[in-house]
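Summary of structural features
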Amino acid sequence: MRAVQDELRVTSAAAGRAAERPPRPAELAVIVPTFNERANVLELARRLVAALDGIAFEVIVVDDDSPDGTADLVRELALHDPRFRCLQRIGRRGLASACVEGMLATAAPCLAVIDADLQHDERLLVPMLEALRSGRADLVLASRYLDGTAVPGWAEQRRLASRLATRLVGALPRLRGLTDPLSGFFMLRREAFEASVRGLSAIGFKLLLDILLSAPEPLRVVELPYRFRERREGRSKLDARVAVEFLTLLLDKLVGAWIPARFSMFAAVGGLWVLVHLAVLALLHRGVGVDFLPAQTLATFGAMTFNFALNNELTYSDRRLRGARWLTGWASFCLVCSVGALANVGIATVLFLRDTSWLLAAIAGILVGAVWNYAVTGFLTWGSRGRGRAATR
Ligand SMILES: Nc1nc2c(ncn2[C@@H]2O[C@H](COP(=O)(O)OP(=O)(O)OP(=O)(O)O)[C@@H](O)[C@H]2O)c(=O)[nH]1
Ligand SMILES: [Mg+2]
């Protein structure tokens, strides 16, 4: 607690000096997405104040209702130094969408994104701002790979995954020549952000990639090198889900204009349904010797539960249901999908009786059922009814 007070004193002393001068509108807004970063946020504040001395800036911490109370701490900080603000989102998760909302909450002409875990070198913010001021760039990207140095503290697996993902997206025409298009540390002009904001997918961690691919005209990008640091406090939020979100983002950028990425994910998860159903049925009926009807019923519910759980983790990871909400969500999912199954069979039967081939009739039924399931569970299970109290992990 004493450390907290000391840290606050450092930034508030700087704020006091700033307050002696007439207030200037912020030229730079630094957006900091946070989830459980209480142990890092004051140190980051101290470092930002030191690095941005003489610059009119504000810091918007966008916190997704961290259980560790990050938002409370930022509000406490804001009482001492009004250049810091907290935007707290309840029942929502997502790094990219948090940054977008932070950018929309400021009028500053230059917008930066920096992680809270001190891995990004805040001293690069001034050269980044200068590159924007010079007019030679719309976006400045802080690159971990430009000067060829290795990222410290990464296991070989992580290093390979990062390289592979960078290579993969590096093949896209807009990103060709960039050494680190997956960086989470960048700065851009407000006009560049506003031009692309309505086309953003805002899925997962890779907002920079999203912006570069959504801009109506290719952006002029300047890369500056820095040395990526190891996370000191708190835990990484990077997990398999982030990898899935990365692929979903790419999918959305490729076909999102026609098919929503969420639907593609929902349909892919649905494809596994049949496999799970058959596996459970085979196990119960052939393996354990349960009669066909109860085995088929159990397989139906088993597959439905699997489907619900996977969609809850992947397709709706930003609105994930937990605890009692998981149970009510599961019940509504089963109900909706049962109606979907009836619609599927009904449509397919009508078409079949009207001389459509069995395959086409079946595909039409599956499509109608899938669209129904997607649309109605999106609203009833994970939509506005569930969203307000969706628990975060
Ligand atoms: N608002 C918000 N912030 C998030 C979310 N997930 C991660 N963050 C923040 O985004 C930043 C980057 O997350 P990290 O977990 O450090 O991810 P990373 O830097 O790619 O991975 P590491 O190198 O393992 O640390 C940190 O400041 C996190 O607190 C989220 O769902 N919502
Ligand atoms: Mg990190």
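For the structure itself, look to the data block above.
None of the values given here were measured: they were computed from a predicted structure.

As for the pattern of salt bridges
In total, this model carries 22 salt bridges according to the counting rule given. Salt-bridge contacts for D81 lead to R83; the nearest nitrogen and oxygen are separated by 3.0 Å. Given the relative accessible area of 19%, R83 is considered buried. One network of salt bridges, in which partners are shared, links D64, R89, R92 and E101.

What to know about the nonpolar core
Ranked by internal contacts, the top residues of the largest apolar core, which has 40 residues, are L28, V30, L125 and M128. Here this core takes 6 residues from helix α2 (residues 38–51), the largest share from any one element. Every residue in contact with V30, bar those within four places of it in the chain, is listed here: L48, L52, E58, V59, I60, A112, I114 and L125.

Some remarks on the side chain of N311
Locating N311 in the fold gives a position in helix α11 (residues 292–315). In this structure N311 comes out as buried when scored by relative accessible area, which is 0%. Not counting residues within four places of it along the chain, the set of residues in contact with N311 comprises F266, V269, Y316, F333 and W382.

What to know about the coordination of the magnesium ion (ligand 2)
On the protein side, the magnesium ion (ligand 2) has D117 (OD) and Q119 (OE1) as donor atoms, found 1.9 Å from it. Residue classification places Q119 among the buried residues on the basis of a relative accessible area of 11%.

A few points about empty space enclosed by the protein
Over the atoms rolls a probe the size of a water molecule, and in doing so it shows where empty space is left. According to the stated counting rule, one finds 2 cavities of 30 Å³ or more in the structure shown. Computed from the structure, the second largest cavity encloses a volume of approximately 30 Å³. What lines the second largest cavity is V32, V41, L44, A45, L48, V59, V61, L77 and F84. Those elements giving two or more residues to the lining of the second largest cavity turn out to be α2 and β2 (57–63). Considering every element that reaches the lining of the second largest cavity, the biggest residue donor is α2, with 4 residues. Considered class by class, the residues forming the lining of the second largest cavity number 9 nonpolar, no polar and no charged.

Quick look at the layout of surface pockets
Taken as a whole, the largest pocket encloses approximately 1100 Å³ of empty space. Surrounding the largest pocket, 43 residues form its lining, R158, F205, K206, L238 and V242 being those nearest its centre. Elements represented by at least two residues in the lining of the largest pocket include exactly β1 (28–34), α4 (95–104), α6 (156–170) and α9 (240–255). Looking at which element gives the most residues to the lining of the largest pocket, the answer is α9, with 6 residues. Looking at the lining of the largest pocket residue by residue, the class counts come to 19 nonpolar, 10 polar and 14 charged. Its boundaries defined by the atoms lining it, the second largest pocket holds a volume of some 650 Å³. In terms of lining, the second largest pocket is formed by 23 residues, of which the most central are G270, W273, V274, N344 and I366. Counting only elements with at least two residues in the lining of the second largest pocket, the list comes to α10 (261–288), α11, α12 (324–353) and α13 (358–380).

Comments concerning α2
Taking 1.5 Å per residue as the helical rise, α2 with its 14 residues ought to reach 20 Å, and the 21 Å between its terminal C-alpha atoms agrees with that figure. Where burial is concerned, most of α2 is hidden: 10 out of the 14 residues are buried. Within α2 the residues assigned to the buried category are N40, V41, L42, E43, L44, A45, R47, L48, V49 and A51.

Focus: the packing of aromatic side chains
Considering all chains together, one arrives at 9 aromatic pairs under this definition. With 5.4 Å between their ring centres and 85° between their planes, F185 and Y226 make a pair best called edge-to-face. Taken together, the residues F185 in the loop between α6 and β6 (186–189) and Y226 in the loop between β7 (221–225) and α9 connect sequence positions 41 residues apart. Each member of the pair, F185 as well as Y226, carries the same accessibility label: buried. Summarising the aromatic geometry, the rings of F263 and Y374 are spaced 5.0 Å apart at their centres and angled 75° between planes, so their arrangement reads as edge-to-face. Linking F263 in helix α10 with Y374 in helix α13, this pair joins segments that are 111 residues apart in sequence. On the accessibility criterion, F263 (17% relative accessible area) is buried. Aromatic ring contacts, followed pair by pair, group F308, Y316, W326, F333 and W382 into a single cluster.

Focus on the site of ligand 1
Around ligand 1 sit 20 residues in total, of which E37, R93, D117, S236 and K237 are the nearest. At 3.0 Å from an oxygen atom of ligand 1 is found a main-chain nitrogen or oxygen belonging to F35. Between ligand 1 and R231 there is a distance of 2.8 Å, counted from an oxygen atom to a side-chain nitrogen or oxygen. Compared with its free state, where it exposes 640 Å², ligand 1 has 95% of that area covered by protein. Judged by the proximity of its atoms to the pocket grid, ligand 1 belongs to the largest pocket. Mapped onto the shell around ligand 1, the elements with two or more residues apiece are β1 and α4.

The rules behind these values
- Along each chain, residues carry numbers from 1 onward, in the same order as the chain's sequence is written.
- Think of it this way: whatever chain is written first is A, whatever ligand is written first is 1, and the rest follow in order.
- Thresholds applied to this predicted model are a pLDDT of at least 70 for local features of residues and 80 or more for the giving and counting of side-chain atom pairs; totals over whole chains, interfaces and linings are not thresholded and use all residues.
- Remark: hydrogens and water are excluded; side-chain values derive from all non-hydrogen atoms of the structure.
- Only one rule defines a salt bridge in this text: a Lys or Arg side-chain nitrogen within 4 Å of an Asp or Glu carboxyl oxygen.
- Residue burial is assigned from relative accessible area. The probe radius is 1.4 Å, only protein chains are included, and a residue is buried under 20% of its type maximum, exposed over 50%, and partly exposed in between.
- Note on terminology: a nonpolar core comprises buried Ala, Val, Leu, Ile, Met, Phe, Trp, Tyr and Cys residues joined through side-chain atoms within 4.5 Å.
- Where helices and strands are cited, they refer to DSSP runs of H or I of at least four residues and of E of at least two residues respectively, numbered from the N terminus.
- The contact rule is simple, with two residues in contact once any of their heavy atoms fall within 4.5 Å.
- Distances decide who is a donor: an N, O or S atom must be within 2.8 Å of the metal, or within 3.2 Å for Na, K and Ca. Water is not included, so sites may look incomplete.
- Cavity: a set of points on a 1 Å grid over the protein atoms alone where a 1.4 Å probe fits but cannot get out. Pocket: an open set with protein on both sides within 12 Å along at least five of seven lines, its lining residues, like those of a cavity, having an atom within 4 Å of a point.
- Grid points are joined across faces, edges and corners, and a volume is the space filled by probe spheres set on the points.
- Gly counts as polar in this scheme, as do all residues outside two lists: the nonpolar Ala, Val, Leu, Ile, Met, Phe, Trp, Tyr, Cys and Pro, and the charged Asp, Glu, Lys and Arg.
- Given the number of residues in a helix, its expected span is that number minus one, multiplied by 1.5 Å.
- Classification of ring pairs uses Phe, Tyr and Trp, with its six-membered ring standing for Trp, and accepts pairs whose centres are within 6.5 Å; under 30 degrees between planes counts as stacked, over 60 as edge-to-face, and the remaining range as tilted.
- Whether a residue is near a molecule or strand is decided by its heavy atoms; if any one of them lies within 4 Å of it, the residue is near.
- The term polar contact refers here to a pair of N or O atoms within 3.5 Å; inside protein, the definition further demands a hydrogen-donor-capable atom paired with an acceptor-capable atom, and it admits residues adjacent in sequence only when both atoms are side-chain atoms.
- Here, Shrake-Rupley sampling with a 1.4 Å probe gives the accessible areas, and only protein chains in the shown set may cover a residue.
- A molecule is counted as occupying a cavity or pocket when more than half of its atoms fall within 2 Å of that pocket's grid points.

Interpretation in functional terms is not warranted from these geometric data alone.
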